[in-house]
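Residue strings, one per chain:
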Amino acid sequence: MEISEFAKNITQEHTQVVPISLFVAILCLCLIVGHLLEENRWVNESITAILIGCVSGIIILSITKWKSSHILRFDEELFFIYLLPPIIFNAGFQVKKKQFFHNFLTIMMFGVIGVFISVSIITVGSWWLFPKLGFMGLSIQDYLALGTIFSSTDTVCTLQILNQDETPLLYSLVFGEGVVNDATSVVLFNAVQKIDVRELNGKAALRIFRDFLYLFSTSTILGVTAGLLTALVLKTLYFGKHSSVREIALMVLMAYLSYILAELLELSGILTVFFCGIFMSHYAWHNMTDSSRITTRHTFAMMSFIAETFIFLYVGMDAFDIEKWRMSKLSFVTSLGVYSALILMILLGRAAFVFPLSLLSNYMNSHRSPSISFNHQVVIWWAGLMRGAVSIALAFKQFTYSGVTSDPDSATMITATIIIVLFTTLVFGFLTRPLVKYLLPHPQHATNNSCREPKSPNEDMNLPLLSFDESTATNLLRAKDSLSMLLDRPVYTIHSFWRRFDDTYMRPVFGGPDSNQSQC
């Protein structure tokens with residue numbers, strides 16, 4: 001009796017401490033179980049967190065006598081302000097920049113044009129199929145939001161299996177598309193919120209596209225500025241002379257500040273913090289002491305890992321939220337039809353752009369070796385079928401207020417999103433490793449030369465873009481050769497020009513690796 005009263009008093013006096021302590025304990029359990037299942041053929045970190053979340057939800061549900069499966073209440077602001085920034089920043093900070101920018105046009109086609117195609121198919125398909133299945137009550141704005149919610153991919157499961165060194169092209173495309181896809185989906189979602197459905201016409205579509213271009217460019221500029229400013233401060237003041245802690249703290253705070261500023265200015269925080277991470281790793285990281293370099297890499301990776309695990313753990317718990325299931329008025333058959341329709345449209349929307357755009361990319365980059373093979377295209381298509389944290393957050397933002405909803409249709413869409421995330425992560429996630437092993441049975445191991453582009457006879461990395469010490473005729477001849485290279489191999493030529501500009505003007509000011517250091 002005394003023990004139960006003591007527990008009751010503890011719970012009443014510390015209403016927030018107890019739930020947080022339980023959640024942290026379950027997070028620790030996820031880490032331990034994930035470590036034990038590291039070599040498992042079927043399971044990865046995302047699946048482990050979701051399964052443990054489901055088990056925890058069932059236990060909590062039974063303890064509370066079928067009233068609630070939650071320890072904490074999900075708030076979409078918590079996700080966008082605290083959990084998403086470290087995930088996206090670490091993605092930019094850890095990326096192999098040479099591969100990413102060599103395939104930049106292809107990544108942008110998949111991540112931008114592909115999202116527009118996917119949103120169109122899911123929106124139109126939902127608007128056409130849902131009434132036929134007996135589910136009505138959503139507005140035009142809800143259907144548009146639904147298209148952006150289910151166009152956001154989660155490629156973590158596939159990236160955990162692929163190897164950057166064995167399949168650099170494939171890894172670069174899957175990774176890059178995943179980040180750009182999330183950014184595009186969030187930007188489109190925010191644009192949809194501003195649409196006046198009474199004036200939905202061609203001008204509205206152009207306005208959305210114009211807003212997207214504005215957000216993309218300004219968000220990128222803000223992220224680049226934050227990264228360069230951090231590099232300049234670290235190089236000029238040399239924080240490591242007195243304290244490694246200060247230079248690590250500066251990088252963490254500047255990265256977070258760039259995200260918050262983007263959100264305050266109503267820009268895309270995802271794009272801002274991603275490009276901030278890229279430029280910090282390219283310049284600022286090299287201005288730090290050796291011990292700080294090691295610490296920052298592990299710190300950012302740790303923060304990203306905990307945030308991802310937190311999100312998938314909550315998704316597993318939320319699957320047993322009795323309140324939302326009771327609020328939904330659809331029958332089991334109708335609900336099953338809605339879930340199946342959404343999964344079918346995700347499959348079609350993904351295929352509608354991956355295979356055509358891959359062929360277009362191979363045509364545009366005919367000099368690239370290797371090209372995107374059919375097996376690679378299947379892996380790229382499969383990698384984008386899983387839905388994750390961003391879909392959950394956008395669904396809660398559209399259909400709930402601080403995680404709570406009283407509308408049956410909104411409750412149906414929340415439960416549908418949870419089911420889609422669970423199904424795609426668990427079922428498709430379980431099959432990812434054997435599928436990748438089957439499609440890529442003998443990966444070619446990367447060598448030191450494999451990540452270098454073949455050198456063009458017309459290009460010398462030691463030559464400047466223009467030289468005032470040489471005659472006009474020599475400079476004109478070099479410009480003519482450069483123009484022919486640009487027409488023949490545009491992506492490679494732009495990258496080589498950037499390398500020369502970087503070596504000549506950027507690194508002397510902002511710091512960075514030695515010019516002869518590999519960028520692979």
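Residues numbered from 1 in each chain as written. Predicted model: local features only at pLDDT ≥ 70, side-chain atom pairs only at ≥ 80, totals over all residues. Heavy atoms only, no water.

The name given to the protein in an unreviewed UniProt entry is Sodium/hydrogen exchanger, and the organism recorded there is Citrus sinensis. Under the Sequence similarities (unreviewed entry) heading, UniProt states for the protein: "Belongs to the monovalent cation:proton antiporter 1 (CPA1) transporter (TC 2.A.36) family." Per UniProt, the protein carries the Subcellular location (unreviewed entry) text "Membrane". (UniProt positions renumbered as here; feature names shortened; annotations may be inferred.)

In this fold, Met317 is placed in helix H13 (residues 290-318). Look at Met317 and you get buried, because its relative accessible area is 0%. In this structure the C-alpha to C-alpha distance between Met317 and Val55, which are 262 residues apart in sequence, comes to 7.7 Å. (Helix = DSSP H or I, 4+ residues; strand = E, 2+ residues; numbered from the N terminus. Buried < 20%, exposed > 50% of the residue type's maximum accessible area, 1.4 Å probe, protein only.)

With that out of the way, let us pick up helix H17 (residues 389-399). The buried count for H17 comes to 10 of 11 residues, which makes it a mostly enclosed element. Ala389, Val390, Ser391, Ile392, Ala393, Leu394, Ala395, Phe396, Gln398 and Phe399 are the residues of H17 that are buried.

All right, on to the packing of aromatic side chains then. Overall, the coordinates contain 15 aromatic pairs when judged by the stated rule. Members of the aromatic cluster, joined through ring pairs, are Trp381, Trp382, Phe423 and Phe428. Seen from the ring of Trp285, Arg293 lies directly overhead, with NZ or CZ sitting 5.3 Å from the centre. Positioned over the ring face of Trp285 is Arg297, at 4.5 Å from the centre of the ring. (Phe/Tyr/Trp six-rings, centres within 6.5 Å; stacked < 30°, edge-to-face > 60°. Lys NZ or Arg CZ within 6 Å of the ring centre and 35° of its normal.)

Moving on, we come to the packing of helix H9 (residues 168-193) against helix H16 (residues 374-383). Axes are the key here: two packed helices are described by the angle between their axes and the distance separating the axes. The contact between H9 and H16 brings their axes to 10 Å, and the two run at 25°. As far as their axial angle goes, H16 and H9 are roughly parallel. For the crossing formed where H9 meets H16, the hand is right-handed. Packed against H9, whose contacting residues are Leu170, Leu173, Val174 and Glu177, the element H16 presents His376, Val379, Ile380 and Ala383 at the interface. Split into classes, the residues belonging to the contact of H9 with H16 amount to six nonpolar, one polar and one charged. (Axes fitted to C-alpha atoms, helices over the stretch in contact; angles between N-to-C directions. Parallel < 35°, antiparallel > 145°, perpendicular 65-115°, else oblique. Left-handed = near helix turned anticlockwise from the far one by under 90°. Contact = heavy atoms within 4.5 Å. Nonpolar A, V, L, I, M, F, W, Y, C, P; charged D, E, K, R; others polar.)

With that settled, the discussion passes to the packing of H16 against helix H18 (residues 408-439). Look at H16 against H18: their axes get within 11 Å of each other, and the N-to-C directions meet at 170°. Taken together, the axes of H16 and H18 lie roughly antiparallel to each other. Contacts from Asn375, Val378, Val379 and Trp382 in H16 reach Phe428, Leu431, Thr432, Leu435, Val436 and Leu439 in H18.

Below, the discussion takes up unusual backbone geometry. The backbone phi angle of Glu266 is positive, close to 60°, even though this residue is not glycine. Here Glu266 shows up in the loop between helix H11 (244-264) and helix H12 (269-282). Its relative accessible area of 57% is what places Glu266 among the exposed residues.

For the rest of this paragraph, the subject is the environment of Val180. As for its position among the elements, Val180 is in helix H9. You can call Val180 buried: its relative accessible area is 4%. A sequence separation of 70 residues divides Val180 from Phe110, and the C-alpha atoms of the two residues are 8.4 Å apart. In this view, Val180 contacts Ile107, Met108, Gly111 and Val112; residues no more than four positions away in its chain are not counted.

This paragraph deals with the side chain of Thr184. For Thr184, the position within the fold is in helix H9. For Thr184, a relative accessible area of 0% puts it in the buried group. Within the structure, Thr184 has its side chain in polar contact with the backbone oxygen of Gly111 (distance 3.0 Å). Excluding its chain neighbours within four sequence positions, the residues that come into contact with Thr184 are Gly111, Val112, Val115 and Phe212. (Polar contact = N/O pair within 3.5 Å; in protein donor to acceptor, adjacent residues only side chain to side chain.)

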